[in-house]
Amino acid sequence: MGETSPMSEQPILNPDQTLRPRKRKRGFETALDMVRSMGLVGLAVLAVFLVTWRPAPETPFQPVDPVSVALGAQEMVSFELLVPDLDSAWQSNSAWLEPVPNDITKSHWHIGWVKGSDQYFAIEQSNTELESWSAAFGGAVTETFETSGVTWSVLEPVDADNLVYQTELDGSVLILVGTIGSDFAQLVEVVSKQISLS
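On a predicted model such as this, the values are computed, not experimentally measured, just so you know. (Residues numbered from 1 in each chain as written. Predicted model: local features only at pLDDT ≥ 70, side-chain atom pairs only at ≥ 80, totals over all residues. Heavy atoms only, no water.)

Chemist: An account of a nonpolar patch on the surface is requested, with residue identities and associated values reported.
Modeler: On the surface, Leu 40, Leu 43, Leu 46, Phe 49, Leu 50 and Trp 53 cluster together into a nonpolar patch covering about 680 Å² of accessible area. If you trace the backbone, Phe 49 turns up in helix α1 (residues 28–52). (Patch = residues over 30% accessible without salt bridge, like charges linked within 9 Å, V, L, I, M, F, W, Y side chains within 5 Å. Areas by Shrake-Rupley, 256 points an atom, 1.4 Å probe, with all protein chains shown as cover. Salt bridge = Lys/Arg side-chain N within 4 Å of Asp/Glu carboxyl O. Helix = DSSP H or I, 4+ residues; strand = E, 2+ residues; numbered from the N terminus.)

Chemist: If you had to explain helix α2 (residues 66–73) to someone new, which residues and values would you point to?
Modeler: Regarding α2, the residues found buried are Pro 66, Ala 70 and Ala 73. Buried residues in α2, looked at end-on, bunch into an arc of 70 degrees, giving them a common side. The inward-facing, buried residues of α2 contact β1 (91–100) and β2 (103–115). Two or three places before Val 67, at the start of α2, stands the capping residue Asp 65, its side-chain oxygen 3.2 Å from that residue's backbone nitrogen. (Buried < 20%, exposed > 50% of the residue type's maximum accessible area, 1.4 Å probe, protein only. Arc of directions from axis to C-beta. Contact = heavy atoms within 4.5 Å. Polar contact = N/O pair within 3.5 Å; in protein donor to acceptor, adjacent residues only side chain to side chain.)

Chemist: Describe the sheet that holds strand β6 (residues 162–169), and please don't skip the residues or the numbers.
Modeler: Ordered in space as β1-β2-β3-β7-β6-β5-β4, the 7 strands form an open sheet in which the pairing is antiparallel. Each edge of the open sheet is held by one strand with a lone partner, namely β1 and β4 (138–147). Taking each pair of neighbouring strands and ignoring which way they run, the sheet shows an average axis angle of 20 degrees. Summarising the sheet, β6 and strand β7 (residues 172–179) pair through 8 bridges and their orientation is antiparallel. Note on β7: the bridge partner recorded for Tyr 165 is Leu 176. Most of the contacts of α2 go to β1, to which it runs at about 20 degrees, and overall it touches β1 and β2. Packing against the sheet, helix α4 (residues 182–197) makes contact with β2, β3 (119–126), β4, β5 (150–157), β6 and β7, and its axis sits at approximately 160 degrees to β7. (Pairing = 2+ DSSP bridges. Axes fitted to C-alpha atoms, helices over the stretch in contact; angles between N-to-C directions.)

Chemist: Could you give an account of unusual backbone geometry, naming the residues involved and the relevant values?
Modeler: One non-glycine residue, Asn 102, lies in positive phi territory at about 65 degrees. By secondary structure assignment, the location of Asn 102 is in the loop between β1 and β2. On the accessibility criterion, Asn 102 (75% relative accessible area) is exposed. You will see that Ser 148, though not glycine, has its phi angle at about 50 degrees, which is positive. Mapped onto the elements, Ser 148 comes out in the loop between β4 and β5.

Put into C-alpha coordinates, the structure is as follows:
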(Lines give C-alpha, C1' and ligand atoms only; values in the text may rest on other atoms or scores of the structure.)
Protein backbone atom coordinates (compact mmCIF):
# COMPACT_ATOMS: atom_id res chain seq x y z
CA MET A 1 0.00 0.00 0.00
CA GLY A 2 2.92 2.34 0.64
CA GLU A 3 4.18 2.06 -2.96
CA THR A 4 3.20 4.69 -5.49
CA SER A 5 2.24 3.76 -9.01
CA PRO A 6 4.37 5.01 -11.91
CA MET A 7 1.41 7.07 -13.11
CA SER A 8 1.35 9.11 -9.95
CA GLU A 9 5.07 9.99 -9.99
CA GLN A 10 5.93 13.70 -10.11
CA PRO A 11 7.47 14.98 -13.38
CA ILE A 12 11.23 15.28 -13.41
CA LEU A 13 12.22 18.90 -12.92
CA ASN A 14 15.37 20.55 -14.17
CA PRO A 15 17.70 22.39 -11.79
CA ASP A 16 15.64 25.57 -12.19
CA GLN A 17 12.61 23.61 -11.06
CA THR A 18 10.71 24.32 -14.30
CA LEU A 19 9.13 21.84 -16.61
CA ARG A 20 11.10 21.13 -19.73
CA PRO A 21 8.98 21.35 -22.86
CA ARG A 22 8.97 18.22 -24.87
CA LYS A 23 10.86 18.66 -28.13
CA ARG A 24 8.61 18.50 -31.17
CA LYS A 25 9.42 15.79 -33.62
CA ARG A 26 10.68 17.19 -36.89
CA GLY A 27 10.40 15.50 -40.23
CA PHE A 28 6.91 14.90 -41.54
CA GLU A 29 5.54 18.09 -40.00
CA THR A 30 8.42 20.18 -41.49
CA ALA A 31 7.92 18.71 -44.96
CA LEU A 32 4.18 19.38 -44.75
CA ASP A 33 4.82 22.98 -43.67
CA MET A 34 7.20 23.43 -46.61
CA VAL A 35 4.61 22.08 -49.08
CA ARG A 36 1.98 24.43 -47.66
CA SER A 37 4.35 27.42 -47.94
CA MET A 38 5.25 26.57 -51.53
CA GLY A 39 1.58 26.23 -52.37
CA LEU A 40 0.85 29.70 -50.94
CA VAL A 41 3.75 31.21 -52.87
CA GLY A 42 2.52 29.50 -56.05
CA LEU A 43 -0.97 30.94 -55.54
CA ALA A 44 0.50 34.42 -55.04
CA VAL A 45 2.55 34.14 -58.25
CA LEU A 46 -0.51 32.90 -60.16
CA ALA A 47 -2.58 35.83 -58.87
CA VAL A 48 0.05 38.33 -60.00
CA PHE A 49 0.30 36.63 -63.41
CA LEU A 50 -3.48 36.72 -63.93
CA VAL A 51 -3.65 40.41 -63.01
CA THR A 52 -0.76 41.51 -65.24
CA TRP A 53 -1.00 39.14 -68.22
CA ARG A 54 -2.38 40.51 -71.46
CA PRO A 55 -2.80 38.47 -74.65
CA ALA A 56 -0.55 39.45 -77.56
CA PRO A 57 -2.33 41.67 -80.10
CA GLU A 58 -3.22 40.20 -83.47
CA THR A 59 -1.04 42.83 -85.17
CA PRO A 60 2.48 43.52 -83.85
CA PHE A 61 1.83 47.28 -83.86
CA GLN A 62 -0.89 49.82 -83.27
CA PRO A 63 -2.14 51.26 -86.59
CA VAL A 64 -1.74 55.02 -87.02
CA ASP A 65 -3.95 57.40 -88.99
CA PRO A 66 -1.43 59.66 -90.80
CA VAL A 67 -4.17 61.94 -92.12
CA SER A 68 -5.22 62.88 -88.58
CA VAL A 69 -1.60 63.40 -87.53
CA ALA A 70 -0.97 65.59 -90.59
CA LEU A 71 -4.05 67.71 -89.89
CA GLY A 72 -2.80 68.42 -86.40
CA ALA A 73 0.76 69.14 -87.55
CA GLN A 74 0.18 71.15 -90.74
CA GLU A 75 -0.21 74.50 -88.99
CA MET A 76 3.25 74.10 -87.44
CA VAL A 77 5.15 73.95 -90.75
CA SER A 78 5.59 76.22 -93.74
CA PHE A 79 5.40 73.46 -96.38
CA GLU A 80 2.55 71.14 -97.35
CA LEU A 81 2.78 67.78 -95.63
CA LEU A 82 2.47 64.92 -98.09
CA VAL A 83 0.15 62.06 -97.09
CA PRO A 84 0.05 59.45 -99.88
CA ASP A 85 -3.10 57.37 -100.23
CA LEU A 86 -1.74 53.84 -100.46
CA ASP A 87 -3.50 50.55 -101.11
CA SER A 88 -5.31 49.13 -98.05
CA ALA A 89 -2.81 46.26 -97.92
CA TRP A 90 -0.31 48.80 -96.59
CA GLN A 91 -0.93 49.74 -92.95
CA SER A 92 0.59 52.85 -91.43
CA ASN A 93 2.49 52.11 -88.23
CA SER A 94 4.12 55.51 -87.63
CA ALA A 95 3.56 59.19 -88.38
CA TRP A 96 5.17 62.19 -86.73
CA LEU A 97 6.53 65.69 -87.13
CA GLU A 98 9.77 66.59 -85.36
CA PRO A 99 12.46 69.28 -85.43
CA VAL A 100 15.50 68.50 -87.56
CA PRO A 101 18.56 67.79 -85.38
CA ASN A 102 21.10 70.65 -85.62
CA ASP A 103 18.47 72.72 -87.49
CA ILE A 104 15.58 72.94 -85.02
CA THR A 105 13.83 75.77 -86.86
CA LYS A 106 13.15 73.25 -89.66
CA SER A 107 10.87 70.22 -89.56
CA HIS A 108 10.97 66.54 -90.50
CA TRP A 109 7.70 64.83 -91.49
CA HIS A 110 7.64 61.03 -91.46
CA ILE A 111 5.08 58.33 -92.31
CA GLY A 112 5.86 54.61 -92.29
CA TRP A 113 3.81 51.71 -93.65
CA VAL A 114 4.17 47.94 -93.45
CA LYS A 115 2.78 45.13 -95.57
CA GLY A 116 2.96 41.59 -94.29
CA SER A 117 5.98 40.76 -92.20
CA ASP A 118 8.77 41.89 -94.51
CA GLN A 119 7.67 44.89 -96.61
CA TYR A 120 8.28 48.47 -95.45
CA PHE A 121 7.74 51.86 -97.10
CA ALA A 122 8.24 55.36 -95.73
CA ILE A 123 8.23 58.99 -96.78
CA GLU A 124 10.66 61.45 -95.22
CA GLN A 125 9.96 65.11 -95.94
CA SER A 126 11.78 68.20 -94.69
CA ASN A 127 12.44 71.85 -95.42
CA THR A 128 16.01 71.65 -94.08
CA GLU A 129 18.97 72.29 -96.34
CA LEU A 130 21.35 70.22 -94.23
CA GLU A 131 22.96 67.47 -96.30
CA SER A 132 23.33 65.42 -93.11
CA TRP A 133 19.55 65.02 -92.95
CA SER A 134 19.22 63.33 -96.36
CA ALA A 135 22.49 61.46 -95.82
CA ALA A 136 20.81 59.56 -92.97
CA PHE A 137 18.67 57.81 -95.62
CA GLY A 138 20.88 57.65 -98.70
CA GLY A 139 24.21 58.72 -100.15
CA ALA A 140 25.35 59.77 -103.61
CA VAL A 141 22.98 59.95 -106.58
CA THR A 142 23.41 56.91 -108.82
CA GLU A 143 20.85 57.82 -111.51
CA THR A 144 17.75 59.92 -112.23
CA PHE A 145 14.44 59.17 -113.94
CA GLU A 146 11.03 60.75 -114.46
CA THR A 147 7.56 59.34 -113.84
CA SER A 148 4.19 61.12 -113.90
CA GLY A 149 5.95 64.45 -114.32
CA VAL A 150 8.18 64.03 -111.23
CA THR A 151 11.97 63.70 -111.51
CA TRP A 152 13.51 61.31 -108.99
CA SER A 153 17.12 60.86 -107.98
CA VAL A 154 18.07 57.32 -107.00
CA LEU A 155 20.33 57.47 -103.95
CA GLU A 156 22.83 54.91 -102.79
CA PRO A 157 20.98 53.32 -99.84
CA VAL A 158 22.33 53.20 -96.32
CA ASP A 159 20.73 49.74 -95.98
CA ALA A 160 21.45 47.38 -98.90
CA ASP A 161 17.96 45.86 -98.57
CA ASN A 162 16.30 49.21 -99.33
CA LEU A 163 15.70 51.52 -102.26
CA VAL A 164 15.95 55.29 -101.71
CA TYR A 165 14.54 57.94 -104.08
CA GLN A 166 14.62 61.71 -103.63
CA THR A 167 12.85 64.64 -105.28
CA GLU A 168 12.42 68.37 -104.74
CA LEU A 169 8.99 69.72 -103.85
CA ASP A 170 7.79 73.28 -103.36
CA GLY A 171 9.63 74.31 -100.19
CA SER A 172 10.75 70.84 -99.15
CA VAL A 173 12.71 67.72 -100.03
CA LEU A 174 10.93 64.36 -100.25
CA ILE A 175 12.68 61.02 -99.77
CA LEU A 176 11.07 57.62 -100.31
CA VAL A 177 12.57 54.62 -98.53
CA GLY A 178 11.35 51.06 -99.01
CA THR A 179 12.31 47.43 -99.10
CA ILE A 180 13.41 46.10 -102.45
CA GLY A 181 10.46 44.45 -104.19
CA SER A 182 7.94 44.74 -106.98
CA ASP A 183 5.69 47.02 -104.90
CA PHE A 184 8.24 49.83 -104.63
CA ALA A 185 7.86 51.00 -108.26
CA GLN A 186 4.06 51.05 -107.85
CA LEU A 187 4.34 53.08 -104.64
CA VAL A 188 6.64 55.59 -106.33
CA GLU A 189 4.08 55.93 -109.11
CA VAL A 190 1.26 56.53 -106.59
CA VAL A 191 3.29 59.22 -104.82
CA SER A 192 4.34 60.82 -108.11
CA LYS A 193 0.73 61.09 -109.33
CA GLN A 194 -0.33 62.66 -106.04
CA ILE A 195 2.50 65.21 -106.28
CA SER A 196 1.52 66.06 -109.86
CA LEU A 197 -2.10 66.65 -108.86
CA SER A 198 -1.28 68.90 -105.89
